[in-house]
Amino acid sequence: MERLPLFLDIESKLCIVIGGGEVAFRKANLLVQAGGRLQVIAPDLCASMESLCGESQAKIIRGEFVPSHLQGANLVFAATNSLEVNTAVSETAKRLGIPVNVVDQPELCSFIVPAIVDRSPIVVAISSGGASPILARSIKGLIDSLLPARIDRLAALLRRMRGSVKKLIPSISERTRFWEKVLESDIPELVYSGKEEQAKERIEQRALRAPSAVGEVYLVGAGPGDPELLTLKALRLMHQADVVLYDRLVSEPILAKLRPDAEKIFVGKARADHAVPQESINSMLLRFAKQGKRVLRLKGGDPFIFGRGGEEIETLAAAGISFQVVPGITAASGCATYAGIPLTHRDYSQSVRFLTGHIREGGVPLNWALLASEQQTLAFYMGLSGLEIICKQLTRHGMSEDMPIAIIEQGTTRHQKVCVSTLRDINERIQEFDIQPPTLIIVGRVVALRDRLNWYGEA
Ligand code: SAH
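This section reports on the structure supplied with the text.

About the criteria used
Residues numbered from 1 in each chain as written. Predicted model: local features only at pLDDT ≥ 70, side-chain atom pairs only at ≥ 80, totals over all residues. Heavy atoms only, no water. Pairing = 2+ DSSP bridges. Helix = DSSP H or I, 4+ residues; strand = E, 2+ residues; numbered from the N terminus. Axes fitted to C-alpha atoms, helices over the stretch in contact; angles between N-to-C directions. Near = heavy atom within 4 Å. Polar contact = N/O pair within 3.5 Å; in protein donor to acceptor, adjacent residues only side chain to side chain. Areas by Shrake-Rupley, 256 points an atom, 1.4 Å probe, with all protein chains shown as cover. Buried < 20%, exposed > 50% of the residue type's maximum accessible area, 1.4 Å probe, protein only. Parallel < 35°, antiparallel > 145°, perpendicular 65-115°, else oblique. Left-handed = near helix turned anticlockwise from the far one by under 90°. Contact = heavy atoms within 4.5 Å. Nonpolar A, V, L, I, M, F, W, Y, C, P; charged D, E, K, R; others polar. Patch = residues over 30% accessible without salt bridge, like charges linked within 9 Å, V, L, I, M, F, W, Y side chains within 5 Å. Salt bridge = Lys/Arg side-chain N within 4 Å of Asp/Glu carboxyl O. Arc of directions from axis to C-beta.

Next up on the list: the sheet that holds strand 8 (residues 216–221). Sheet architecture is open: five strands sit in the order 10-9-11-8-12, paired in parallel fashion. Of all strands in the sheet, those bounded by a partner on one side alone are strand 10 (263–266) and strand 12 (322–326). Going across the sheet, the axis of each strand differs from the next one's by a mean of 15 degrees, ignoring polarity. As paired elements, strand 8 and strand 12 share five bridges and run parallel to each other. Opposite glutamate 216, over in strand 12, you have serine 322 as the bridge partner.

Following this line, the structure appears as structure tokens:
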């Protein structure tokens, strides 16, 4: 390790910045954020530095640096464009034993400033030891995207509870185990979903050796198939669940991302073959949650778009089971994008409808006259077996037989197939292409843009 990472307490301590430009401003801003007492020395100050000094009541010395300025300082930054001044600052500070940083001149520094992910009270500092500040910044971006958005709230809650837990569990080793268990439990997730009061109660219950017996259900949209289309939240919950109930539409590569030791239960439904009735799924969710498990209900696409998500949470809400719903990319959006079709377009389509193509006895209960008009896009789910009727009804209600239509099979997956034709010819084309469900059907002028844009997403 080339340098020792430390977090310095500068609350109310005199911190001096020499230089009044934008670079100096960024350092000064950091010092103010961390509670330092700022003093700026420079003949001229840029506008942002002026206002920062005003807001933080910093002392300004408008003039050239002289060594006596550093008397009593705890930390010094030099950010002038004069090598001579920067060197003088560095030498003086080092002589007086004050930590000094000269921007972009590591040889003049006694410390360097890391790239910072600030989710106070959680702060992550990253350094490449000056080897590549850009690499450090890209690692910062990576860490930032991995940290749950409300990790700051979790840290703040744990801080608030430290004292009371310490009283209840005096032994250090027992307390360490206690906190480890808290972090492995569903408590962080409660905080991330805004249920802080509940999380606090759970911690108290656990500390009193009265663990709550009730688990939680996560109703999560897994997107249309490509695992890279999972949301960060979906992925986080997938890593936590003890039991997973998943659908036929959840792809293999997505299942591979589940916690390896999680119990996985297939509850998929093919169109005509209701493998597990909805009521059994509902009661399974209840049963597992009541056993104190974290139950993941993983669904293709978005749980609230033809996903019966509403019914499942109704059962949970009625039983008082805590749950979360995480949206996913729905098939219409994923399939259209990966097939190179924009769902709306300023010139051709000002709206898009998500429709069920599922045929009940007596035909699809849809308002065909409304659907047959131009300037809109129709996205049919579950429509392959009803395709002939869809085409007939649309043309009967006035839609042109030349209207472009696309059928996307297993969109966004490696098995994606796209079949493009017109309402007149599509039924023949799908025989040729041997199209099988699941398919998403898109009807509208936007389909023709596919060739013009000549852009296809990577499956
Ligand atoms: N909740 C899901 C839809 C469930 S209904 C979502 O938001 O996407 C099931 C139908 O979704 C399928 O019959 C099919 O029409 C469509 N579908 C889902 N995933 C698909 C995919 N990868 N490719 C094509 N169609 C898909």
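Now for unusual backbone geometry. Between serine 120 and proline 121 the backbone carries a cis peptide bond, its omega angle lying at 5 degrees. Looking at the secondary structure, you find proline 121 in the loop between strand 6 (115–119) and strand 7 (122–126). Of note, the bond from proline 437 into proline 438 is cis; its omega dihedral lies within 30 degrees of zero at 0 degrees. With respect to the secondary-structure elements, proline 438 resides in the loop between helix 16 (426–433) and strand 17 (439–443). Of note in the backbone geometry, glutamine 57 takes a positive phi value of approximately 55 degrees without being a glycine. If you trace the backbone, glutamine 57 turns up in the loop between helix 2 (47–56) and strand 3 (59–61). At phenylalanine 306, a residue that is not glycine, the phi angle is positive and equals roughly 45 degrees. Turning to its location among the elements, phenylalanine 306 is positioned in the loop between strand 11 (294–299) and helix 12 (309–318).

What follows covers the site of the ligand. Near the ligand lie 18 residues; those nearest to it are Asp302, Ile305, Thr330, Met382 and Thr439. Take proline 224: an N or O atom from its main chain is 2.8 Å from a nitrogen atom of the ligand. One of the backbone nitrogen or oxygen atoms of alanine 331 is found 2.8 Å away from an oxygen atom of the ligand. Across the complex, the protein chains shield 93% of the 550 Å² of accessible surface that the ligand would expose by itself. Secondary structure elements with two or more residues in the shell around the ligand: helix 13 (331–338) and strand 17.

Let us now look at the pairing of strand 14 (residues 377–381). With five of five residues buried, strand 14 is to be regarded as a mostly interior element. Side chains Thr377, Ala379 and Tyr381 project from strand 14 onto one buried face, and the interleaved Leu378 and Phe380 project onto a second face that is buried too. Inspection of the sheet shows strand 14 paired to strand 17 by four bridges, in the antiparallel sense. Each bridged residue has a counterpart across the sheet, and for phenylalanine 380 the counterpart in strand 17 is isoleucine 441.

Here we take up the environment of arginine 119. Relative to the elements of secondary structure, arginine 119 occurs in strand 6. Once the C-alpha coordinates of arginine 119 and aspartate 152 are considered, the two residues, 33 residues apart in sequence, prove to be 5.4 Å apart. In terms of polar contacts, arginine 119 uses its side chain to reach the backbone carbonyl oxygen of aspartate 144, at 2.9 Å.

Moving on, we come to the packing of helix 11 (residues 278–290) against helix 12. Packed helices, taken two at a time, are described by the angle between their axes plus the distance between the axes. Closest axis-to-axis distance for the helix 11/helix 12 pair is 10 Å, and the angle between their directions is 45 degrees. With respect to their mutual orientation, helix 11 and helix 12 come out oblique. Here helix 11 runs over helix 12; the crossing is right-handed. Seen from helix 11, the contacting residues are Gln278, Ile281, Asn282, Leu285 and Leu286; seen from helix 12, they are Glu311, Glu312, Thr315 and Leu316. Each residue belonging to the contact of helix 11 with helix 12 can be placed in one class, and the counts come to four nonpolar, three polar and two charged.

So, on to a nonpolar patch on the surface. Together, Phe306, Val352, Phe354 and Met382 make up a nonpolar patch on the protein surface, roughly 310 Å² of accessible area in all. Along the chain, valine 352 turns up in strand 13 (residues 352–356).

Taken residue by residue, helix 12 has Gly309, Glu312, Ile313 and Leu316 as its buried positions. For helix 12, the buried positions fall inside an angular range of 90 degrees around the axis, keeping them on one side. Away from its buried face, by an angle of more than 90 degrees, helix 12 presents the exposed residues Glu314 and Ala318. Along its buried surface, helix 12 packs onto strand 8, helix 11, strand 11 and strand 12. Where helix 12 terminates, the next one or two residues include glycine 320, which has phi positive at roughly 70 degrees.

In this section: the sheet that holds strand 5 (residues 100–102). The strand order 3-2-1-4-5 describes an open sheet built from five strands, whose pairing is parallel. For this open sheet the edge positions go to strand 3 and strand 5, each flanked by a neighbour on one side alone. When the angles between neighbouring strand axes are averaged without regard to direction, this sheet yields 15 degrees. Direction of pairing for strand 1 (residues 14–18) relative to strand 4 (residues 75–78): parallel, over a ladder of four bridges. Across the sheet, residue isoleucine 16 finds its bridge partner in strand 4, namely valine 76. Contacts from helix 1 (residues 22–33) reach strand 1, strand 2 (37–41) and strand 4, with the element oriented near 170 degrees to strand 1.

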